[in-house]
Amino acid sequence: MSRGSRRERQRVRILARDEYRCVYCGRTLPPEELTLDHVEPQVKGGDWSEGNLVTACQPCNAEKADSAAWVYLADRPTTRARFLRLATAVWPRLRRAVEEAANPEPPPES
Ligand SMILES: [Zn+2]
């Protein structure tokens, strides 16, 4: 009988997938200092699929809080570029949301 819940095993798998690196600040940390972050937050309907989960350090996760990643990253160009470089396992739909939130349609010419 294995110890640890399904969630804990999933956490271990995602941290390993992301090489124990926070996708927001890029720091590599020991597993106990890392958390799982929902790219699309649970309060907005995000699920526990592995394409919706990324590794985040505690300070970044606390700062992002319940924001969607694309909202959090919209005015943080450096962090956004790092996220797009590191979070390669995120669903393409969610990566697109991050890219598009940062590049709003230009205003129509008058
Ligand atoms: Zn971080």
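What you are looking at is a predicted structure, and each value in this text was computed from that prediction instead of being measured. (Residues numbered from 1 in each chain as written. Predicted model: local features only at pLDDT ≥ 70, side-chain atom pairs only at ≥ 80, totals over all residues.)

Here we take up the pairing of strand 2 (residues 53-57). With five of its five residues buried, strand 2 lies for the most part within the structure. Taking every second residue as pointing to the same face, both faces of strand 2 are buried, with Leu53, Thr55 and Cys57 on one and Val54 and Ala56 on the other. By the bridge criterion, five bridges tie strand 1 (residues 34-38) to strand 2 in an arrangement that is antiparallel. Of the residues in strand 2, the one forming a bridge with Asp37 is Val54. (Buried ≥ 20, exposed ≤ 12 C-beta atoms within 10 Å, placed from the backbone. Helix = DSSP H or I, 4+ residues; strand = E, 2+ residues; numbered from the N terminus. Pairing = 2+ DSSP bridges.)

With 20 residues, the main nonpolar core has Cys22, Val23, Val54, Ala56, Ala69 and Phe83 as its most contacted residues. Contributing elements (two or more residues each) for this core: strand 2 and helix 3 (69-73). Setting aside residues no more than four positions away along its own chain, Ala56 makes contact with Cys22, Val23, Tyr24, Thr35, Asp37 and Asn61. (Core = buried A, V, L, I, M, F, W, Y, C linked by C-beta atoms within 7 Å. Contact = placed C-beta atoms within 7 Å.)

What follows deals with the packing of helix 4 (residues 77-86) against helix 5 (residues 92-102). It is at 11 Å that the axes of helix 4 and helix 5 come closest, and there the two elements cross at 155°. If you check the angle between helix 4 and helix 5, you find them roughly antiparallel. Taken as a pair, helix 4 and helix 5 cross one another with a handedness that is left-handed. Of the residues in helix 5, those in contact with Pro77, Arg80, Phe83 and Leu84 of helix 4 are Arg95, Val98, Glu99 and Ala102. Looking at the contact of helix 4 with helix 5, its residues break down into five nonpolar, no polar and three charged. (Axes fitted to C-alpha atoms, helices over the stretch in contact; angles between N-to-C directions. Parallel < 35°, antiparallel > 145°, perpendicular 65-115°, else oblique. Left-handed = near helix turned anticlockwise from the far one by under 90°. Nonpolar A, V, L, I, M, F, W, Y, C, P; charged D, E, K, R; others polar.)

In this model, the protein carries a mean pLDDT of 93, and residues with pLDDT of at least 70 account for 94%. Mean pLDDT values for the elements of the protein range from 94 in helix 5 up to 98 in strand 2. (pLDDT = per-residue confidence, 0-100.)

The phi dihedral of Glu19 is positive, around 55°, even though this residue is not glycine. Of note, Glu19 is situated in the loop between helix 1 (6-17) and strand 1. If you check the backbone angles, Tyr20 has positive phi at about 60° while not being a glycine. Examined against the element boundaries, Tyr20 turns out to sit in the loop between helix 1 and strand 1.

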